[in-house]
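Each chain, letter by letter, is given below.
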Protein chains: 6
Amino acid sequence: MTPNRLRTLWQSGGAAVNGWLAIPNSFSAETMAHQGWDSLTIDLQHGVVDYQAMLPMLQAIQTTETVPVVRVPWLEPGILMKTLDAGAAAVICPMVNTREDAQKLVAWTSYAPRGTRSFGPIRALLVHGADYPEEANDFVVRFAMIETAQALDNVDAILSVEGLDAVYIGPSDLSLSLGCRPVFDDVDPTAQQAIEHILARAKAHGLVAGIHNGSPRVALERQALGFQFLTVGSDARLMAAGAQQTVAAMRAQAPAQPGSGY
Amino acid sequence: MTPNRLRTLWQSGGAAVNGWLAIPNSFSAETMAHQGWDSLTIDLQHGVVDYQAMLPMLQAIQTTETVPVVRVPWLEPGILMKTLDAGAAAVICPMVNTREDAQKLVAWTSYAPRGTRSFGPIRALLVHGADYPEEANDFVVRFAMIETAQALDNVDAILSVEGLDAVYIGPSDLSLSLGCRPVFDDVDPTAQQAIEHILARAKAHGLVAGIHNGSPRVALERQALGFQFLTVGSDARLMAAGAQQTVAAMRAQAPAQPGSGY
Amino acid sequence: MTPNRLRTLWQSGGAAVNGWLAIPNSFSAETMAHQGWDSLTIDLQHGVVDYQAMLPMLQAIQTTETVPVVRVPWLEPGILMKTLDAGAAAVICPMVNTREDAQKLVAWTSYAPRGTRSFGPIRALLVHGADYPEEANDFVVRFAMIETAQALDNVDAILSVEGLDAVYIGPSDLSLSLGCRPVFDDVDPTAQQAIEHILARAKAHGLVAGIHNGSPRVALERQALGFQFLTVGSDARLMAAGAQQTVAAMRAQAPAQPGSGY
Amino acid sequence: MTPNRLRTLWQSGGAAVNGWLAIPNSFSAETMAHQGWDSLTIDLQHGVVDYQAMLPMLQAIQTTETVPVVRVPWLEPGILMKTLDAGAAAVICPMVNTREDAQKLVAWTSYAPRGTRSFGPIRALLVHGADYPEEANDFVVRFAMIETAQALDNVDAILSVEGLDAVYIGPSDLSLSLGCRPVFDDVDPTAQQAIEHILARAKAHGLVAGIHNGSPRVALERQALGFQFLTVGSDARLMAAGAQQTVAAMRAQAPAQPGSGY
Amino acid sequence: MTPNRLRTLWQSGGAAVNGWLAIPNSFSAETMAHQGWDSLTIDLQHGVVDYQAMLPMLQAIQTTETVPVVRVPWLEPGILMKTLDAGAAAVICPMVNTREDAQKLVAWTSYAPRGTRSFGPIRALLVHGADYPEEANDFVVRFAMIETAQALDNVDAILSVEGLDAVYIGPSDLSLSLGCRPVFDDVDPTAQQAIEHILARAKAHGLVAGIHNGSPRVALERQALGFQFLTVGSDARLMAAGAQQTVAAMRAQAPAQPGSGY
Amino acid sequence: MTPNRLRTLWQSGGAAVNGWLAIPNSFSAETMAHQGWDSLTIDLQHGVVDYQAMLPMLQAIQTTETVPVVRVPWLEPGILMKTLDAGAAAVICPMVNTREDAQKLVAWTSYAPRGTRSFGPIRALLVHGADYPEEANDFVVRFAMIETAQALDNVDAILSVEGLDAVYIGPSDLSLSLGCRPVFDDVDPTAQQAIEHILARAKAHGLVAGIHNGSPRVALERQALGFQFLTVGSDARLMAAGAQQTVAAMRAQAPAQPGSGY
Ligand SMILES: [Mg+2]
Ligand SMILES: [Mg+2]
Ligand SMILES: [Mg+2]
Ligand SMILES: [Mg+2]
Ligand SMILES: [Mg+2]
Ligand SMILES: [Mg+2]
């Protein structure tokens, strides 16, 4: 079985440049997969994508070396297990607010005896190899999203759950929950402190830290701080920003602020 | 941001004529959207529609002034949030049976500090405007379905939950739960009493009341009682009824009873 | 192999009541198929349906005794053959204007030695039986649309092509081509004369005559004239007409003229 | 209303040969439905199929006498109810581990007063008949999957829940949970004992027992033990096994072990 | 009926900024439609889009004021007519090489007596208004692509066909046909001369001239020459270019040359 | 640019084992792609697959080393060019009956100056490399189907067309056209003579010969005769045959004749 390239990259101290897929289409996914991202995350939460649309997107990503990641809509066993069966190499779970949430995440994504994931890796077996059943627990990367005040309070209880691999910070949700403006970059000081605190605790617990960014500038700053999984730009946002610039250039007027979408 | 036309209509004392979409297709949705309904509800619960099929239906409705409403399959955070992110202006949640259910409904559909809705209004931002993040809590209309004996018992506890905008009555479920025949119109007396009680309590709590009807006749009667959101007729039922009448006319025989489907 | 119920009906002197499917969806098709039509025609020409959407619609119709008919977009061999392979029991071909057109229609829909249909009845074999290869030429019904002034001039040359089973008249196209208003019913006198002439010539050549109607009233009149395949009402039109009536009833105003769509 | 052919078969002491559908497509489903299976199960759990893809598959199965069964992804009310509304004649629910789980399964799939299933059988009404509302509770077959050590401990508490019709054993999950190899056939002795124990307890409680098998050989052995619902072979596995044999024959080499997929 | 905004713009001497849609998805189409383009062209020729995928894309564009244009795969009556029935306000036809080609294009897109377009404007009627039948001939814009040496030879014979509204130049095809490099911008001198010749002849015949560009820089140059329909940038190219820049910024290396795709 | 593995294989004197895809689904395609075929042909002619369904199937095949081939529905420029733009490495064109047909096939699939293929290799550029424009003419493999009496008469005129790479024989169509039974294997003597004649002429003209087979036995015989592209088994047939054997084994009765479908 081919190792999970995210793990390989992290073990060598590297940081992954992650793209984001919100358009429910396999051709846009494949086009993105050819642009050099380390990984691409299909967003089943806020992207307009559901399970069936995700499937050919996973296939499209699989035509390249890019690691397929999926953000599930919620901490629910059905979709977490179906996502892994479909071949996702990593899952990002939103709103992991308590230790119990984190335990569920690990349990539902791990085969016995480590967890209670149901057995039936239909596409995973096809694409990851015949030893997937034995290797899956160690192959799959589990990201818990720390993005609320409640999660912040429980951060050590969450991060000490065995089997969790990484945290992923949603700056806009975290900000909102802390009473700050819901933005990806240049967050308010309270949110910034929280972000740095989560990063520090993740490091302390031996976990990788990832974060959602609105621009390469901020992503690079955060990489410098120690983040090792940096989302920057989604299919829809990159397309919209490019379109805005193009239309503005044609109209000889200043472009709208790029990146104003979600 | 354009105001929610349902709110505008209600504030002027009007009642909304609501159509129902059970066919998972954007062309039938667009055809319905051109027939003059105030709002159209995409039914993810009993309609044969899921999230991905709903998306182009929302787009099709958006080509007109008709307000897009979605009935979610169940009180679950994932689908409630995805539905709003996709641009629904109102959500109808089935089987709200307790005060806690109603609180969850409000929380999951409201951004902090009012609730815990996760931030990522990908299509809502596109179609409702750049100020959607600030305005969404007040823009979105939340309907709790009161349709069981249990909900009837808890009606004041439910209706007094802050942030709830409206109730929606499913006469067939309510009837069934009360031991009556599961019909939309001409319900048994016990069910009729329950319906009028819910309406009275909604008014008392300052909420709008809506109800599912099988015919304009009954819908108009209920409008006269004070209901302000009147569903009457679905895409599939209207098509089937028209087909039955046509075939019967061609065969020179009495038509089957129209409206015998769900 | 089950006989083609259209042929059986016609041989007994009966007329088929045909519904029309313009919505590219299998649930609307199945709903229509349960309303008692003798046949349902999936419209690949003016309906918003293409081949892939047609496939589950054919399956949906197949859950009932209704005969599946397809109107192809144009006189082209690829789609004619794919349609039959997919299990259509009859095909309607638009704009058959010359004897050569009619000969192509027959050839492309008939196996050698009668024609040049390519062999590969993948779904037809599944649903019509193992003897489909031997029986297909006699099973399939071929309708040539006579709907232009040119076709009218060539009517006998067209209708005398061996292997043609039926004509189908498009009153709006025929009207337009003759300089009349493009309507289904109550056509202008010139168009009415043309319709009756085509009917008479079809009878003379031993062919069945079919026609598109906008209402049961006119369909019954035309049936009385001798037409044996009467389309009346489409999924989209019936739904829209029902919706208009419903909305009008709710608004206590006169409904828009039903049937104003295509 | 036509009786549920699974019930009829079981009442006569027979065993159902059940095929499995993991490919999200209506043509593969229809092809399978023509091969003589008593029932076909659409797998929403480990198959790569979701609700919307299931719908035309149900229609495709409905073109034959084969009984349509659905395995839902998880014990959740939304999908259980939508699946029945869409016309499934039986549901298989994974991971029923406690008496409470089994009670939920029965409640969510039964109309009041027996349960709390919401009323809206949109396609079920169309395909099963106008008396579906009255007959549905007795028509629908409910399978609880007993496939964990916990369920084994609770087996009598689960099986004595009124309204449950059958158990379904997932040998690979059960094996995994008991510390054995996750296989369908030729399971480890501990798993074999568990399987026989569940079978015995099902019989004692008057329930039908079903099981997932990897080959006809083992399925026949288990049928001889008393199992009356025998899954053997899925669309994807049969296709892959046939392809492996074909390629191996062409390469004049031994085929890979057939059936190595999920 | 709302006038065709392309015609309005051109009549005022303006030039349309046209975006290009190659991704077969309605959400990417809707996102593009919100970026300020005058028109968006769905590419059924070289985009990976077919008729059924186009339909919700047309609906998505219709949620805005952007004019929906479609490039058909080839000069064929079936798809040209279906495209207009689906609501396209303009069609671009590739490889119009002879006067006869241009005559067919006009005939197939015009109702009698001007042409032979078949009547059935199913969605056009819905979205463009009840007077579409009378106004369609003058509403629809017909672009003939002049993009081969043969077309260049026949340029006056083509451009003088009555009913043709505009030419559209494909610089890469034209270049290839003239023995030059197949690029959009900075074409070889022979191709440049051809482009300017076509522009001049279009002006002489009173037609609008449009052209495909790879960058705003060249599009603006060509606008200055007199082109009034300027395609610049496609959904997929803009997304890919943005992704390349982002990844390059993250890797602190020079980006790949943007715009290297089709 | 990676060489076309079909060419590489043939140049070394090898024969390609080709699988056939008739199910319009990317998961079945991907499952097939993992079974060791040299190439897989997506059948747009007799398979129930159209362009849009083909796209994710091509992506699924691309996850492996298997060569993606497409059989187009008919000799038409639109679909031939779209198929190549979508990344097909080879095309099979049915019913090439005359020298002119073969010339069109070559012209429409070759860029100038060799042909008239329109430029826009949107996905081909992505998956085959940046030098696709220069290399495409030599990369793409063009199969002309010789499968009628007319083609047999014209065999040398067809095979001598420059740019044609291979012939592909459809034994059932060829048989039918010659008055024989439409079977893949064990054809009638007249058809067998024709097959051997076409093979001999292909060899004489330096072309590769391919043929459709119903079983490995016959495919191996034909390989021994000199055929170098051997289709044996389709997704749907392999699945159906496996299902028949399984059901028969369970019923302890003789299986139906496998391979009785198309
Ligand atoms: Mg978040
Ligand atoms: Mg209800
Ligand atoms: Mg017509
Ligand atoms: Mg299991
Ligand atoms: Mg071109
Ligand atoms: Mg053939």
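Residues numbered from 1 in each chain as written. Chains lettered and ligands numbered in written order. Predicted model: local features only at pLDDT ≥ 70, side-chain atom pairs only at ≥ 80, totals over all residues. Heavy atoms only, no water.

Caption draft 1: Spatial organisation of the overall build of chain A. What chain A contains, in helices and strands, is 13 helices and eight strands. Computed over the C-alpha atoms, the radius of gyration of chain A is 18 Å, within 12% of the 18 Å expected from 2.2 N^0.38 for a compact globule of 262 residues. Dimensions along the principal axes, computed over C-alpha positions, put chain A at roughly 60 × 40 × 30 Å. Taken over 262 residues, chain A has a buried fraction of 70%. (Helix = DSSP H or I, 4+ residues; strand = E, 2+ residues; numbered from the N terminus. Rg over C-alpha atoms; globule rule 2.2 N^0.38 Å. Buried < 20%, exposed > 50% of the residue type's maximum accessible area, 1.4 Å probe, protein only.)

Caption draft 2: Structural view of the pattern of salt bridges. Taken as a whole and assessed by the stated rule, the structure comprises 78 salt bridges over all chains. Between B:D185 and B:R222 there is a salt bridge whose closest N-O contact spans 3.9 Å. A residue pair is termed long-range when its members are at least 10 positions apart, and B:D185 in the loop between α10 (171–177) and α11 (189–204) and B:R222 in helix α12 (residues 216–225) qualify at 37 residues. C:R114 is the partner of C:D138 in a salt bridge, and the nearest nitrogen-oxygen pair spans 3.1 Å. With C:D138 in helix α7 (residues 132–139) and C:R114 in the loop between α5 (99–108) and α6 (122–128), this residue pair connects regions lying 24 residues apart in the sequence. Taking the relative accessible area as the measure of exposure, C:D138 reaches 45% and is therefore partly exposed. Judged by relative accessible area, C:R114 falls into the partly exposed class, the value being 45%. A single salt-bridge network, built from bridges that share partners, covers A:R7, A:R142 and A:D165. (Salt bridge = Lys/Arg side-chain N within 4 Å of Asp/Glu carboxyl O.)

Caption draft 3: Geometry of the interface of chain A and chain D. In this complex, chain A contributes 20 residues to the contact, which on the side of chain D involves 22 residues. Approximately 1,700 Å² of surface area, both sides summed, lies buried where chain A meets chain D, with 64% of it carried by carbon and sulfur atoms. Per-residue buried area on chain A facing chain D is highest for A:K82, A:F119 and A:I122; these three make up 35% of the total on that side. Where chain A meets chain D, there are zero salt bridges. Of all the secondary-structure elements, those providing two or more residues to the side of chain A that touches chain D are α3 (51–62), α4 (77–85) and α6 (122–128) of chain A. If you tally residues by element for the side of chain A that touches chain D, the top one is α4(A), at five residues. Here the side of chain A that touches chain D is built from residues that sort into 10 nonpolar, five polar and five charged. (Contact = heavy atoms within 4.5 Å. Buried area = accessible area lost by both parts, 1.4 Å probe. Nonpolar A, V, L, I, M, F, W, Y, C, P; charged D, E, K, R; others polar.)

Caption draft 4: The packing of aromatic side chains, seen in detail. Evaluation of the coordinates by the stated rule reveals 48 aromatic pairs over all chains. For the ring pair A:Y168 and A:F229, a centre distance of 5.8 Å and an interplane angle of 75° mean the geometry is edge-to-face. With A:Y168 in strand β6 (residues 166–169) and A:F229 in strand β8 (residues 229–234), this residue pair connects regions lying 61 residues apart in the sequence. Residue classification places A:F229 among the buried positions, given a relative accessible area of 0%. Ring plane angle 75° and centroid distance 6.3 Å describe the contact between D:W10 and D:F229, whose orientation is recorded as edge-to-face. Residue D:W10 is located in helix α1 (residues 5–11), and its partner D:F229 is located in strand β8 (residues 229–234); the two are separated by 219 residues in the primary sequence. These aromatic residues form a ring-pair network of at least three members: A:W10, A:W20, A:F143, A:Y168 and A:F229. (Phe/Tyr/Trp six-rings, centres within 6.5 Å; stacked < 30°, edge-to-face > 60°.)

Caption draft 5: Main features of the coordination of the magnesium ion (ligand 3). All names here are of chain C. For the magnesium ion (ligand 3), the protein coordination sphere consists of E147 (OE) and D173 (OD), at 2.1 to 2.2 Å. With E147 in the loop between β5 (141–146) and α8 (149–153) and D173 in helix α10 (residues 171–177), this residue pair connects regions lying 26 residues apart in the sequence. Side by side, E147 and D173 carry an identical accessibility label, which is buried. (Donors = N, O, S within 2.8 Å, 3.2 Å for Na, K, Ca; no water.)

Caption draft 6: Focus on the sheet that holds strand β2 (residues 39–43) of chain F. All names here are of chain F. Around the barrel, which closes on itself, the eight strands sit in the order β1-β2-β3-β4-β5-β6-β7-β8 with parallel pairing between neighbours. Averaged over all pairs of adjacent strands, the angle between their axes in this sheet comes to 25°, without regard to strand direction. Of the strand pairs in this sheet, strand β5 (residues 141–145) and strand β6 (residues 166–169) are connected by three bridges, and their pairing is parallel. Bridge assignment links A144 to a residue of β6, and that residue is V167. (Pairing = 2+ DSSP bridges. Axes fitted to C-alpha atoms, helices over the stretch in contact; angles between N-to-C directions.)

Caption draft 7: Helix α3 (residues 51–62) of chain F, seen in detail. Residue and element names in this part refer to chain F. Counted at 1.5 Å a residue, the expected span for α3 with its 12 residues is 16 Å, and the 16 Å between its end C-alpha atoms agrees. In terms of burial, α3 is a largely internal element, 12 of the 12 residues being buried. Those residues of α3 that sit buried are Y51, Q52, A53, M54, L55, P56, M57, L58, Q59, A60, I61 and Q62. Two or three places before Q52, at the start of α3, stands the capping residue D50, its side-chain oxygen 3.2 Å from that residue's backbone nitrogen. (Expected span 1.5 Å × (residues − 1). Polar contact = N/O pair within 3.5 Å; in protein donor to acceptor, adjacent residues only side chain to side chain.)

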